[in-house]
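Residues per chain are reported as follows:
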Amino acid sequence: MSAHPWFAPLVKRVRTANPYVVDTALAALVLFAASLQWIFPDEGDDRLTWQGWLLGAATAVPLIWRHRAPFAMACAVSVATPAQALYHAPPPDLMYGGFVVLYTMAALGTPWQRRFMLVGWTIGVTLVMTHKESPEPFEYAFQLMSVACAYAFGVLARVQRAYTAELEDRARRLERERAADTARATAQERARIARDMHDILAHAVSLMVVQAEAGPVVVRSDPARAEAAFDAIAGAGRDAMAQLRRILGVLKEEQRNGTSPQPGIRALPALVRQVGESTGLRVRLSTTGEPLPLPPDTDIAAYRVVQEALTNTVKHAYASSATVELDWTEEALTLTVTDDGAGPTGSAGGPRGHGLIGIRERAAACGGEARAGRGPDGGFRVVVRLPAGDRQAALG
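This is a predicted model, so every value here is computed, not measured.

Draft legend 1. Representation of the overall build of the protein in the model. Regarding its fold elements, the protein presents 13 helices and five strands. Within the protein, the proportion of its 396 residues that are buried is 36%. For the protein, restricting intrachain contacts to residue pairs at least 6 apart in sequence, the fraction spanning at least 24 positions comes to 70%. Counting every atom, the protein has about 22900 Å² of accessible surface; 61% of that belongs to carbon and sulfur.

Printed below as a string of structure tokens:
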């Protein structure tokens, strides 16, 4: 329970106040304390003079420059304090200005300034107490303890200020790192969405173009086949729209919980069947090894890689058949998509547009790798190796 609920706000206001205003108020307070023996003199004390009061004032007025010129202030007070003590006026029982000087030097001074002032004031107190008539040992010890305590409080203030500055700097660094991580994650998410949209649109448009080109050829000779082509175009369009809605839904926080998951490895049979039914391309899917759970991003990347590879086959290969192979091991999943096409220029290694770049980027984003080129029996082959990771990590 706080005994003084007003104290904490007061300390906070003092810390945030103008330091020059605080120094002026502190100098006035020390001047008042140093003037008490002139305001309330002891009975029979006739040694109080205006010269002694001026020397006492000289121990307080320089404190106004405590922050602007700390070492010069400390030197001025360090000269005035022993001068006042050795003058004919009696010195005060407490060296108020000296305490402020020691605290300030310990808190704000450089290492050599701190050591110089601590040693100088220790020697000064010793000389003043030696000059005093019949000094009490307790009084001498009290003065030395006062010097040590004032200096120790300054050291604590310096350490606390350095610690606070370090915390503030660390907080600023963490905030910058957090902002950078957020920006990086946002950029990566946008790039992923852009790749997904490219894959979806390229796949759907390729199927539509193939069916649209075949439709006019058979519309008179084989109306049923033409109708099937138009149905395939509509189906590809609806599937593309559904996938685009799922992808764009992640951009809206309020729709995220109701968004269907993106397709992964389990959706590959449906993809192979759709490509075969829509284009007439004979696509075979084969799996070797024991399937393992994949991390979500790798699972989605595997589907998109096969989708992009089949899209390239439909658009560029002039192929009649394609094979999708999934080879599972304990460490990785290897995807191989091979076609028997010759390419638009008659070369099995002909140009494939930007699709291969997207495949390589997806594989690299998951820690995998991708290769593409001429197949061993002709045609074109894309091989992508994706790390399967630890089973528990993938499940967890």
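Draft legend 2. Just the nonpolar core, in detail. Ile 265, Leu 310, Val 324, Leu 326, Leu 333, Leu 335 and Val 384 are the most contacted members of the largest nonpolar core, which has 33 residues in total. For this core, the secondary structure elements donating two or more residues are α10 (268-279), α11 (296-317), β2 (321-328), β3 (332-339), α12 (355-365) and β5 (380-387). Of all the elements, α11 adds the most residues to this core, at eight residues. Those residues in contact with Leu 326 that sit more than four places away from it in its chain are Ile 265, Leu 268, Leu 285, Ser 286, Thr 287, Thr 288, Leu 333, Thr 334 and Leu 335. Counting residues in hydrophobic clusters, the runner-up holds 19 residues, among them Ala 60, Ala 74, Val 77 and Val 101.

Draft legend 3. Fine view of a nonpolar patch on the surface. Residues Leu 29, Phe 32 and Leu 36 make up a contiguous nonpolar surface patch of about 290 Å² in total accessible area. Tracing the backbone through its elements, the reader meets Phe 32 in helix α2 (residues 19-34). A relative accessible area of 47% means that Phe 32 is categorised as partly exposed.

Draft legend 4. Inspection of helix α6 (residues 96-108) at higher detail. Taking 1.5 Å per residue as the helical rise, α6 with its 13 residues ought to reach 18 Å, and the 18 Å between its terminal C-alpha atoms agrees with that figure. Within α6, 10 of the 13 residues are buried, which leaves the element mostly enclosed by the surrounding structure. What α6 keeps buried is the set Gly 97, Gly 98, Phe 99, Val 100, Val 101, Leu 102, Thr 104, Met 105, Ala 106 and Ala 107.

Draft legend 5. Inspection of helix α4 (residues 50-58) at higher detail. Those residues of α4 that fall on the buried side of the exposure criterion are Gly 52, Gly 56 and Ala 57. All buried residues of α4 project into a common sector of 145 degrees when viewed along the axis, lining one side.

Draft legend 6. Summary view of the pairing of β3. Of all eight residues making up β3, seven are buried, and the element is well covered by its neighbours. Alignment of β2 against β3, held across seven bridges, turns out to be antiparallel. From the neighbouring strand, Glu 325 faces β3, where its bridge partner is Thr 336. Linkage of β2 to β3, two consecutive antiparallel strands, is achieved through a turn of three residues.

Draft legend 7. Main features of the side chain of Arg 114. Checked against the element boundaries, Arg 114 lands in helix α7 (residues 111-131). Lacking a salt bridge, the buried Arg 114 has Glu 166 as its closest oppositely charged neighbour, with an N-O distance of 16 Å. Residues contacting Arg 114, with those up to four places away along its chain left out, are Met 105, Ala 106, Gly 109, Tyr 151 and Arg 158.

Draft legend 8. Expanded view of the packing of aromatic side chains. Under the criterion given, the structure shown has two aromatic pairs. On the numbers, 6.4 Å between centres and 55 degrees between planes, the contact of Phe 71 with Phe 116 is tilted. Taken together, the residues Phe 71 in helix α5 (residues 70-86) and Phe 116 in helix α7 connect sequence positions 45 residues apart. What makes Phe 71 partly exposed here is its relative accessible area of 23%. Above the face of the Tyr 20 ring, Arg 68 is positioned so that its terminal group lies 4.4 Å from the ring centre.

Draft legend 9. Local environment of the packing of α2 against α6. Taken N-terminus to C-terminus, the directions of α2 and α6 make an angle of 145 degrees; their axes are 9 Å apart at the nearest point. Between α2, through Leu 26, Val 30, Ala 33 and Ala 34, and α6, the contact on the second element is made entirely by Tyr 96, Gly 97 and Val 100. Looking at the contact of α2 with α6, its residues break down into six nonpolar, one polar and no charged.

Draft legend 10. Representation of the pattern of salt bridges. One pass over the structure, following the stated rule, counts four salt bridges. In this structure, the salt-bridge partner of Asp 169 is Arg 173, at a minimum N-O distance of 2.2 Å. In this pair, Asp 169 and Arg 173 both sit in helix α8 (residues 137-218), four residues apart, roughly one turn of the helix. For Asp 169, a relative accessible area of 25% translates into the label partly exposed. Through salt bridges with shared partners, a single network forms among Glu 166, Asp 169, Arg 172 and Arg 173.

About the thresholds
Residues numbered from 1 in each chain as written. Predicted model: local features only at pLDDT ≥ 70, side-chain atom pairs only at ≥ 80, totals over all residues. Heavy atoms only, no water. Helix = DSSP H or I, 4+ residues; strand = E, 2+ residues; numbered from the N terminus. Buried < 20%, exposed > 50% of the residue type's maximum accessible area, 1.4 Å probe, protein only. Contact = heavy atoms within 4.5 Å. Areas by Shrake-Rupley, 256 points an atom, 1.4 Å probe, with all protein chains shown as cover. Core = buried A, V, L, I, M, F, W, Y, C linked by side-chain atoms within 4.5 Å. Patch = residues over 30% accessible without salt bridge, like charges linked within 9 Å, V, L, I, M, F, W, Y side chains within 5 Å. Salt bridge = Lys/Arg side-chain N within 4 Å of Asp/Glu carboxyl O. Expected span 1.5 Å × (residues − 1). Arc of directions from axis to C-beta. Pairing = 2+ DSSP bridges. Lys, Arg positive; Asp, Glu negative; His and termini not counted. Phe/Tyr/Trp six-rings, centres within 6.5 Å; stacked < 30°, edge-to-face > 60°. Lys NZ or Arg CZ within 6 Å of the ring centre and 35° of its normal. Axes fitted to C-alpha atoms, helices over the stretch in contact; angles between N-to-C directions. Nonpolar A, V, L, I, M, F, W, Y, C, P; charged D, E, K, R; others polar.

So yeah, pure geometry; function would need other evidence.
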